[in-house]
Amino acid sequence: MGPALRILMLAAALALTGCASTHPQDPFEKFNRAMFQFNDAVDQAAVKPAAQAYKNLPDFVQIGVGNFFGNLEDGWTAVNNLLQGKLENGLTDVMRFTFNTTFGLGGLLDIGTEAGLPKHKEDFGQTLGKWGVRSGPYVVLPLLGSSTLRDVAVLPIDIEADPWHHIRPAHTRNVGSVIRVVDLRASVLDASNLIEEAALDRYEFVRDAYLQRRQSKVYDGDPPSSAYEFDVGPSEASGESGPSDPAAVTHGTPTTIEEPAQGAVVKVEQNGGAASIKVVEKEAKQ
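This one's a predicted model, so the numbers in the text were calculated from it and none came from an experiment. (Residues numbered from 1 in each chain as written. Predicted model: local features only at pLDDT ≥ 70, side-chain atom pairs only at ≥ 80, totals over all residues. Heavy atoms only, no water.)

1. Focus on the overall build of the protein
As a reminder, the rule being used: Each helix is a run of H or I in the DSSP string that is no shorter than four residues. Each strand is a run of E no shorter than two, and both are numbered from the N terminus. The rule is simple: take the accessible area with a 1.4 Å probe, protein chains only, and divide by the maximum for that residue type; under 20% is buried, over 50% is exposed, in between is partly exposed. Per-residue and other accessible areas were derived by the Shrake-Rupley procedure at a 1.4 Å probe size, with only the shown protein chains allowed to occlude residues.
The secondary structure content of the protein amounts to 11 helices and 5 strands. Residue burial in the protein is summarised as follows: out of 286 residues, 39% are buried. For the protein, the accessible surface area stands at approximately 15400 Å², while carbon and sulfur atoms represent 63% of it.

Set out below in structure tokens:
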């Protein structure tokens, strides 16, 4: 079964399981919560323990694995930056990929960063967002986790554009894919542990944090001031947007410009490699 057919089947399942939700961007909350619980069970039973064991490996091994798979992403990131009209970033990504692949032993060494070439991370969903295509409803995919309807629709394109997807034989590709997932999970162990301890409703916390972070990435950290986006399709000049503080997660109903956010705001921050969670009060804008 091809990726496109699986996406169509998922869309049909979402249509059948849609239900009322207090969050305007989460009409499939019943389905999403079920997938969230399934993913969490798989994580707790297999992925998280593997990531904890992986953290015991020497640092140079973990850095090498992260650099290798990160280098593979740089090529597709370059294409998306160019499609978004960010020529300087796109050329930087091309140079990073070239330097790291040739002089960095296939990407095991990050020569590009040492040469002053910053790393970016872009995908086709972000490109569509930059072109004005709204994200649509929040979706939790089996095993893959948080996403949006826009990003689900273009997921097959991102998969096909990943060089590792075309590695043969299949056994080598599958083993590498497992290592890749474990490495990514290991990189967020501290933050996920804090969320598990601090969040009263982890589903809501993860959903709100993901939507705001995703919105921030589409607008390169500077989203316009407006309400949450609701529909899939080209946005108007004052359309798609998120809260002015993309790192914050405000619980409750999303607010508009006329009704600025108030109340407690939960922030997850990185300080010297260690994750921390802060609860602060956000004052209403005058």
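2. Notes on the environment of V47
Note on placement: V47 falls in helix α2 (residues 29–54). Between the C-alpha atom of V47 and that of D183, which follows or precedes it by 136 residues, the distance is 10.0 Å.

3. What to know about the side chain of R180
Operational definition: Two N or O atoms count as a polar contact when they lie within 3.5 Å, although within protein this holds only if one can serve as hydrogen donor and the other as acceptor, and sequence-adjacent residues are included solely when both atoms are side-chain atoms. Two residues qualify as a contact provided that any one of their heavy atoms is within 4.5 Å of a heavy atom in the partner residue.
Along the chain, R180 turns up in helix α9 (residues 170–187). Reaching out from R180, the side chain makes a polar contact with the side chain of D162 at a distance of 2.7 Å. In this view, R180 contacts F69, E73, D162 and W164; residues no more than four positions away in its chain are not counted.

4. Re the pattern of salt bridges
Convention followed: Salt bridges are defined by distance alone: a side-chain nitrogen of Lys or Arg within 4 Å of a carboxyl oxygen of Asp or Glu.
This model, assessed by the stated rule, comprises 20 salt bridges. D74 is the salt-bridge partner of R96, the closest N and O atoms lying 3.3 Å from each other. Residue R96 is located in helix α4 (residues 87–102), and its partner D74 is located in helix α3 (residues 59–83); the two are separated by 22 residues in the primary sequence. The pair formed by R96 and D74 is uniform in burial state, with each residue classed as buried. Its salt-bridge partner being R180, residue D162 comes within 2.7 Å of it at the nearest N-O pair. With D162 in the loop between α8 (155–161) and α9 and R180 in helix α9, this residue pair connects regions lying 18 residues apart in the sequence. Linked by salt bridges that have partners in common, E29, R33, D201 and E204 make up one network.

5. Comments concerning the packing of aromatic side chains
Applicable threshold: Stacked, tilted and edge-to-face pairs are distinguished by plane angle, under 30 degrees for stacked and over 60 for edge-to-face with tilted covering the rest, among Phe, Tyr and Trp rings (Trp via its six-membered ring) whose centres lie within 6.5 Å.
Inspection of the entire model under this criterion finds 9 aromatic pairs. Plain terms: the ring middles of F68 and F69 are 5.1 Å apart, the flat faces sit at 80° to each other, and that makes the pair edge-to-face. Through a chain of ring-to-ring contacts, three or more aromatic side chains come together here, namely F36, Y138, Y203 and Y210.

6. Concerning the nonpolar core
How we decide: Side-chain atoms within 4.5 Å link the members of a nonpolar core, which is a set of buried Ala, Val, Leu, Ile, Met, Phe, Trp, Tyr and Cys residues.
Judged by nonpolar contacts, A51, Y54, V65, F69, L72, W164, V182, A186 and L189 together constitute the single largest core of 9 residues. Looking at this core, the elements with two or more residues in it are α2, α3 and α9. Ranked by residue count, the leading element in this core is α3, at 3 residues. In contact with Y54, not counting residues within four places along its chain, are V61, Q62, V65, V182, D183 and A186.

7. Thoughts on the environment of F69
Here F69 lies in helix α3. Separated by 115 residues in the primary sequence, F69 and L184 have C-alpha atoms spaced 9.9 Å apart. In this structure F69 touches W164, G176 and R180, once residues within four positions along its chain are discounted.

8. Here's the deal with helix α10 (residues 189–198)
What counts is decided by this rule: The arc under discussion is defined with respect to the helix axis, by the directions toward the C-beta atoms.
For α10, the complete set of buried residues consists of L189, A191, S192 and I195. Buried residues of α10, seen end-on, are gathered within an arc of 165° and therefore sit on one face of the element.

9. Here's the deal with the packing of α2 against helix α11 (residues 202–218)
Our working rule: Fitted lines through C-alpha atoms serve as axes, helices being fitted only where they are in contact, and the angles separating the N-to-C directions of these axes extend from 0 to 180 degrees. Angles are sorted into four bins: roughly parallel if under 35 degrees, roughly antiparallel if over 145, roughly perpendicular if 65 to 115, and oblique for all others. The nonpolar class holds Ala, Val, Leu, Ile, Met, Phe, Trp, Tyr, Cys and Pro. Asp, Glu, Lys and Arg form the charged class, and all remaining residues, Gly among them, are polar.
Taken N-terminus to C-terminus, the directions of α2 and α11 make an angle of 105°; their axes are 11 Å apart at the nearest point. Taken together, the axes of α2 and α11 lie roughly perpendicular to each other. Between α2 and α11, the contacting residues are E29, N32, R33, F36 and D40 on the first element and R202, Y203, E204, V206 and R207 on the second. Counted by class, the contact of α2 with α11 contains 3 nonpolar, 1 polar and 6 charged residues.

10. Quick word on the pairing of strand β1 (residues 138–141)
What counts is decided by this rule: If DSSP finds at least two bridges between two strands, the strands pair.
Burial along β1 is two-sided: the residues Y138 and V140 and V139 and L141 are all buried. The pairing of β1 with strand β2 (residues 145–148) spans 4 bridges and is antiparallel. For V140, the partnering residue across the bridge sits in β2 and is S146. Linkage of β1 to β2, two consecutive antiparallel strands, is achieved through a turn of 3 residues, within which L143 is found at a positive phi near 70°.

11. Topic: a nonpolar patch on the surface
Applicable threshold: Residues enter patches when they are more than 30% accessible in relative terms and free of salt bridges; like-charged ones are connected within 9 Å and nonpolar ones (Val, Leu, Ile, Met, Phe, Trp, Tyr) within 5 Å.
Taken together, the side chains of V79, L83 and W131 make up a nonpolar region of the molecular surface, amounting to roughly 280 Å² of accessible area. Following the sequence through the fold, V79 ends up in helix α3.

12. What about the packing of α2 against α10?
In the contact formed by α2 and α10, the axes pass within 11 Å of each other and the chain directions differ by 135°. Put simply, α2 runs oblique to α10. Residues Q44, K48, A51 and Q52 of α2 touch α10, and the partners they reach there are L189, N193 and E196. Looking at the contact of α2 with α10 residue by residue, the classes come out as 2 nonpolar, 3 polar and 2 charged.

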